Amino acid sequence: MSTITLDSKIPSGPIEERWESHKFNMKLVNPANKRKFTVLVVGTGLAGAAAAATLAELGYHVKCFTFHDSPRRAHSIAAQGGINAAKNYKNDGDSVHRLFYDTVKGGDFRARESNVHRLAEVSVNIIDQCVAQGVPFAREYGGLLDNRSFGGSQVSRTFYARGQTGQQLLLGAYQALMQQVSLGRVELHTKTELLDVVTKDGVAAGIVTRDLVTGDIRSWAGHATLLCTGGYGNAFYLSTNAMNSNVTAAWRAHKKGALFANPCYTQIHPTCIPASDEFQSKLTLMSESLRNDGRIWVPKKFDDNRAPEDIPEDDRDYFLERKYPSFGNLAPRDIASRNAKQVVDEGRGVGPIKNGVYLDFAESISRLGENVVFERYGNLFDMYERITDENPMKMPMRIYPASHYTMGGLWVDYNLMTNIPGLYALGEANFSDHGANRLGASALMQGLADGYFVAPNTIGDYLAGLLGQAPLSTEDPAFTTSVAAVQDDMRRWIAVGGTKSPEYYHRELGKIVWDYCGMARDKNGLEKALTEIPALREEFENNVRVLGDPDGVNQSLEKVGRVADFFELGELMCRDALMREESCGGHFRVEHQTEEGEAKRDDENFSFVGAWEWEGKGANPTLHKEPLVFETVKPVERSYK
Amino acid sequence: MNLTLKVWRQNGPTDPGHFETYEATDVKDEMSFLEMLDLVNENLIDSGHEPITFDSDCREGICGTCGLMINGQAHGPQKGTATCQLHMRKFHDGETVTIEPWRAAAFPVLKDLMVDRSAFDAIIESGGFITSDTGGPRDANEILIPKVAADSAMDAAACIGCGACVAACPNGAAQLFTSAKLAHLNLLPQGQAERWKRTEDMVETMEMFFGSCTNYGECQEACPKEIPIDFIAMMNRDFLKSKVKNRKLQGQR
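Everything numeric in this text was worked out from a predicted model, so none of it was measured.

Student: Tell me about the overall build of chain A, and please be specific about residues and values.
Tutor: Helix and strand content of chain A: 18 helices and 20 strands. Taken over the C-alpha trace, chain A has a radius of gyration of 24 Å; the compact-globule value for 641 residues is 26 Å, and the two agree within 12%. Considering chain A as a whole, with its 641 residues, one finds that 66% of them fall into the buried category. For chain A, restricting intrachain contacts to residue pairs at least 6 apart in sequence, the fraction spanning at least 24 positions comes to 74%.

Below, the structure is given as structure tokens:
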């Protein structure tokens, strides 16, 4: 047990003034001194690309790393629906305070109020910044920006670029980054994967990477390191995350002492295309915006095998509209997902293997006309048809929940710094803003807020104290021992010479994590998972087969290390879920529900952030608690009825 | 269904490379093309052979990471579809399928079916942006953008940078990729200040890496986002103008 004390460094004063006064109170680095500092940015999604570009614009010397072949491939690109901002362009009662309130409530009162308020404040700057960069948001005929509503909110505050909002925002950040590369202020390293975080005397010193083309293992030193490496949804194997999305950067930081907070807070997105067979490599998301115009239903009867068009209105159960009259089909993600699981578990699922619910556009098509509906969702309908061979203009879509986003992540303070000085975590990689459940269109907002507006401001406060100090030499034993350990790892995996592929073990692990730590969890299941995962991990370590060479391109070798990290993380997710004897947001413990089957929080005992400390392989991690204080929003039962 | 695959194997950039033949058995209609390759790879690993290296990531047709020549067609037979969204129902039992990497001088093969597309990043780096440092720009709604302009810019901005246009082009030209980015930025009011310099820089960088356009139009047929060659016409016009315009009179770069 170490002596870590969690200091969230939340500024004092009225909540709406905290960020402004904090910015004033922080130390600054003068423009001529900024170029003396080297900042390592790992990951080039919204958070990473935005941070790298902005830090370079400010004058810092930035080294930026991505395992992709280009920064533009980061998985932020796949976000479809939109980005929230409290612009109140629609005059429908929106405000910074309302976005703040909605996000705290949507997170089921498990997020830090101060962080969320700052997020709502800077949301308006993000839209201005993106438009200035040329992000082609949807417009009305008069030339003004268009907005739409999104799950979990009753105002229209979501900005969008067709069904490709994430793509356009990422391209904006990518282009800003490439401009800085052209100016020589950012040194970009593509196809370079982080394999270790290096610390010296408890302070972040840099990273160790593998060149995915040559296999070269190298050290990089910096005054500060920013991990912008996304979430860990692929712990479930099947998820909407990209094939290569992984937890390795965050996990290796965790093993070097960074606390991992709330790992059991995972989001299951309600509108994905159901799996069709066991070879499925990933699940495809259908934007939640579809719920604006689609109605979700299943047959009232069990095992109803009629085609959807043959089921009369009276035999249909529009279960979200029935149970949540005021939010209806726009109920938040966790609630929509759990209700879909419930009706499918009851035996009222639809589709060839009865594993989905209908999302029906017939009513909207008759109200708005085919053209309007197709203009709004055409590209999503095309995508659906390519995958399923069914046309949603003619028959209802089939959808089912899938792992999509992870609210948990590295513990960070108000400055986005982990408990390791000099090591920051931005975007989905940190835990701070979404509590136990994230609202739709808020991930893009948080990634860009952290990258454009938060970290570039807070990092100066840390760096100012390092003026005159050179980064640690990469010849230092801290680096050389890490490089040797990483090289050993590579040889060790190849030397195992077992019989099954890393992919096989990932799939088997995913089944355990999904079954026991998915949409509904209970004590027995979690305890079972905590014996099954270590047993499977042992088999994996002794029987995995990695062919080929450590030098040069070797995709199995890339994969095996990521799977090893998912094993350890999967165990921590179950441990965290077992510890949290309450239900909140995406964490639903079957033992803790209201009479109507809703999540039942226990504010008296569990209103805290659960941050875990790595104690070594095979040892039980230590739990640290950061109490959550609600001064502005009173925690109430989260009702969307 | 069962298929015979002829797959390009190349162990590194300097290896001459060759075709290997594999049998893909028990392939299901609803599998994606890449899931079919995953299955082949699992079997290769089981039998002690190194799996086929190929790139993919989002498998939703948006990240642009994947890209294979399938029977000589970039991204295969289905129009407007990236390799990852191509499903096996488009093939039939007993078919022989030839799988190759993108073939273009500007995209050297790294291993098997994986190529290096960093020349695309070089084009963007040379001018594919609107200078606007993070800070306090004016309110987003102060810039009025007619819906038609925003829609056309979005049509162009939909490019995923996969490289199919280059792979499909007999000349290995990157006109469609370059013109799509130019159209996205040059159509918007925010993009006007740098319009001519951007066009000049990006076209000239493109020509350093890629072949020349002779209007085959194969690129728009192969494009998974169905980006039209109209944008190439716009680029050519802007490039010509960039050479004759007195930019100082207009205060533009």
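Student: Describe the overall build of chain B, listing the residues and the values that go with them.
Tutor: The secondary structure content of chain B amounts to 9 helices and 7 strands. In terms of overall dimensions, chain B has C-alpha extents of about 70 × 40 × 35 Å along its principal axes. Counting all 253 residues of chain B, 62% fall into the buried class. Accessible area for chain B stands at about 9,700 Å²; split by element, carbon and sulfur atoms hold 49% of it. One finds the centroid of the 24 positive side-chain charges in chain B at a distance of 10 Å from the centroid of its 36 negative side-chain charges.

Student: Pulling in residues and values, what's your account of the interface of chain B and chain A?
Tutor: Across the boundary between the two partners, chain B contributes 75 residues, which contact 78 residues of chain A. Taking both sides of the interface into account, the surface hidden between chain B and chain A amounts to around 6,500 Å²; carbon and sulfur atoms contribute 49%. Note that B:Arg117 is salt-bridged to A:Asp69, the shortest N-O span being 3.0 Å. On the surface where chain B and chain A come into contact, there are 47 residue pairs in polar contact (both at pLDDT 80 or more). When residues of the side of chain B that touches chain A are traced back to their parent elements, those giving at least two are α1 (33–46), β6 (109–111), α2 (118–125), α3 (147–157) and α5 (175–186) of chain B. Of the residues forming the side of chain B that touches chain A, the biggest block, 7 residues, is contributed by α3(B). Counted by class, the side of chain B that touches chain A contains 31 nonpolar, 21 polar and 23 charged residues.

Student: Requested: an account of the side chain of B:Thr134, with residues and values cited.
Tutor: Here B:Thr134 is to be found in the loop between α2 and α3. In this structure the side chain of B:Thr134 is engaged in a polar contact, spanning 2.8 Å, whose partner is the side chain of A:Thr54. Filtering out sequence-adjacent residues up to four positions away, B:Thr134 remains in contact with A:Thr54, A:Glu57, A:Gln129, A:Tyr452 and A:Phe453.

Student: Break down α1(B) for me, citing the residues and quoting the values.
Tutor: Spanning 14 residues, α1(B) covers 20 Å between terminal C-alpha atoms, matching the ideal 20 Å at 1.5 Å per step. Of all 14 residues in α1(B), 12 are buried, a share of seventy percent or more. Residues of α1(B) that are buried include every one of B:Phe33, B:Leu34, B:Glu35, B:Met36, B:Leu37, B:Asp38, B:Leu39, B:Val40, B:Asn41, B:Glu42, B:Leu44 and B:Ile45, and no others. On its buried face, α1(B) sits against α15 (502–517) and α17 (555–579) of chain A together with β1 (3–9), β2 (18–24), β3 (69–70) and β5 (96–100) of chain B. Positive backbone phi, approximately 80°, marks B:Gly48, located one or two places after α1(B).

Student: So what about the pairing of β5(B)? Which residues, and what values?
Tutor: Residue and element names in this part refer to chain B. With 4 of 5 residues buried, β5 is to be regarded as a mostly interior element. Sheet topology note: the β1/β5 ladder contains 4 bridges and is parallel. Its bridge partner being in β5, Thr4 is matched across the sheet by Thr96. As paired strands, β3 and β5 are joined by 2 bridges and run antiparallel to one another. If you follow Met69 over to β5, its bridge partner there is Glu100.

Student: Which residues make up the nonpolar core, and what are the values?
Tutor: In this structure, A:Ile83, A:Phe137, A:Leu226, A:Leu463 and B:Phe210 are the most contacted members of the largest nonpolar core, which totals 202 residues. The dominant element in this core, judged by the number of residues it contributes, is α17(A), at 13 residues. Beyond its immediate chain neighbours, meaning those up to four positions away, A:Phe137 contacts A:Ile83, A:Ile127, A:Cys130, A:Val131, A:Leu145, A:Phe159, A:Tyr160, A:Ala161, A:Thr165, A:Leu169 and B:Ala150. Among the nonpolar cores identified, the runner-up in size contains 33 residues, and A:Val298, A:Ala336, A:Val373 and A:Leu380 belong to it.

Student: Go over the sheet that holds strand β10 (residues 224–227) of chain A, please, and point to the residues and values.
Tutor: Residues and elements named next belong to chain A. Across the sheet, which stays open at both edges, the 5 strands sit in the order β6-β2-β1-β10-β18 with parallel pairing between neighbours. Whereas interior strands pair on both sides, the edge strands pair on one side only; in this sheet they are β6 (186–189) and β18 (423–425). Pairwise comparison of adjacent strand axes, ignoring direction, gives a mean angle of 20° for this sheet. By the bridge criterion, 5 bridges tie strand β1 (residues 38–42) to strand β2 (residues 61–65) in an arrangement that is parallel. Considered in β2, the bridge of Val41 is made with Cys64. Together, β2 and β6 form the strand contacts of helix α6 (residues 165–182), whose direction differs from that of β6 by roughly 115°.

Student: Tell me about the sheet that holds strand β20 (residues 622–627) of chain A, and name the residues and values.
Tutor: Residue and element names in this part refer to chain A. Within the open sheet, the 4 strands sit side by side as β17-β11-β19-β20. Their pairing is antiparallel. Among the strands making up the open sheet, the edge pair consists of β17 (409–410) and β20. Set on the sheet, α17 makes contact with β11 (260–261), β19 (608–613) and β20; between it and β19 the angle comes to about 145°.

Student: Describe the pattern of salt bridges, listing the residues and the values that go with them.
Tutor: Residue and element names in this part refer to chain A. On inspection of all chains with the given rule, the structure shows 71 salt bridges over all chains. A salt bridge links Arg322 to Asp317; the shortest N-O distance between them is 2.9 Å. Arg562 is the partner of Glu558 in a salt bridge, and the nearest nitrogen-oxygen pair spans 3.9 Å. Of the two residues, Glu558 and Arg562 both sit in helix α17, 4 residues apart, roughly one turn of that helix. Like Glu558, the residue Arg562 is buried in the burial classification. Beyond isolated ion pairs, a larger network of salt bridges with shared partners links Asp108, Arg110, Arg580, Glu582, Arg601 and Asp603.

Student: Go over the environment of B:Thr65 with me, naming the residues and quoting the values.
Tutor: Looking at the secondary structure, you find B:Thr65 in the loop between α1 and β3. Exposure remark for B:Thr65: the relative accessible area of 6% places this residue in the buried category. In sequence terms B:Thr65 and B:Gly161 are 96 residues apart; their C-alpha atoms lie 8.2 Å from each other. Setting aside chain neighbours within four positions, we find B:Thr65 in contact with A:Arg73, B:Asp55, B:Ser56, B:Asp57 and B:Arg117.

Student: Explain the packing of α6(A) against α5(B) to me, using residue names and the numbers behind them.
Tutor: Following both chains from N to C, one finds α6(A) and α5(B) inclined at 95°, their axes separated by 14 Å at the closest point. One element, α6(A), and the other, α5(B), form an angle in the roughly perpendicular class. For the pair α6(A) and α5(B), the contacting residues are A:Gln168, A:Leu171 and A:Gln175 in the first and B:Lys181, B:His184 and B:Leu185 in the second. Looking at the contact of α6(A) with α5(B) residue by residue, the classes come out as 2 nonpolar, 3 polar and 1 charged.

Student: Tell me about the pairing of strand β8 (residues 203–211) of chain A, and name the residues and values.
Tutor: Residues and elements named next belong to chain A. Of all 9 residues in β8, 7 are buried, a share of seventy percent or more. With 8 bridges connecting them, strand β7 (residues 192–200) and β8 associate as antiparallel partners. When the sheet's bridge partners are listed, Val197 is paired in β8 with Ile207. Connecting β7 to the next strand, β8, in antiparallel fashion are 2 residues, including Asp201 with a positive phi near 50°. Where β8 meets strand β9 (residues 217–221), 5 bridges bridge the pair, whose relative direction is antiparallel.

Student: Account for the domain arrangement of chain B, with residues named and values stated.
Tutor: Residues and elements named next belong to chain B. In terms of domains, chain B is made up of domain 1 (3–111) and domain 2 (118–250). Spacing between the C-alpha centres of domain 1 and domain 2 amounts to 30 Å. Taken together, the contact pairs 17 residues of domain 1 with 19 residues of domain 2. For the pair domain 1 and domain 2, the summed buried area comes to about 1,300 Å², and 60% of that belongs to carbon and sulfur atoms. Ranking the residues of domain 1 by area buried against domain 2 places Lys79, Ala106 and Phe107 at the top, with a combined share of 34%. At the boundary of domain 1 with domain 2, the tally comes to 2 salt bridges.

So, how was this worked out
Residues numbered from 1 in each chain as written. Chains lettered and ligands numbered in written order. Predicted model: local features only at pLDDT ≥ 70, side-chain atom pairs only at ≥ 80, totals over all residues. Heavy atoms only, no water. Helix = DSSP H or I, 4+ residues; strand = E, 2+ residues; numbered from the N terminus. Rg over C-alpha atoms; globule rule 2.2 N^0.38 Å. Buried < 20%, exposed > 50% of the residue type's maximum accessible area, 1.4 Å probe, protein only. Contact = heavy atoms within 4.5 Å. Areas by Shrake-Rupley, 256 points an atom, 1.4 Å probe, with all protein chains shown as cover. Lys, Arg positive; Asp, Glu negative; His and termini not counted. Charge placed at Lys NZ, Arg CZ, Asp CG, Glu CD. Buried area = accessible area lost by both parts, 1.4 Å probe. Salt bridge = Lys/Arg side-chain N within 4 Å of Asp/Glu carboxyl O. Polar contact = N/O pair within 3.5 Å; in protein donor to acceptor, adjacent residues only side chain to side chain. Nonpolar A, V, L, I, M, F, W, Y, C, P; charged D, E, K, R; others polar. Expected span 1.5 Å × (residues − 1). Pairing = 2+ DSSP bridges. Core = buried A, V, L, I, M, F, W, Y, C linked by side-chain atoms within 4.5 Å. Axes fitted to C-alpha atoms, helices over the stretch in contact; angles between N-to-C directions. Parallel < 35°, antiparallel > 145°, perpendicular 65-115°, else oblique. Domains from an automatic or database assignment.

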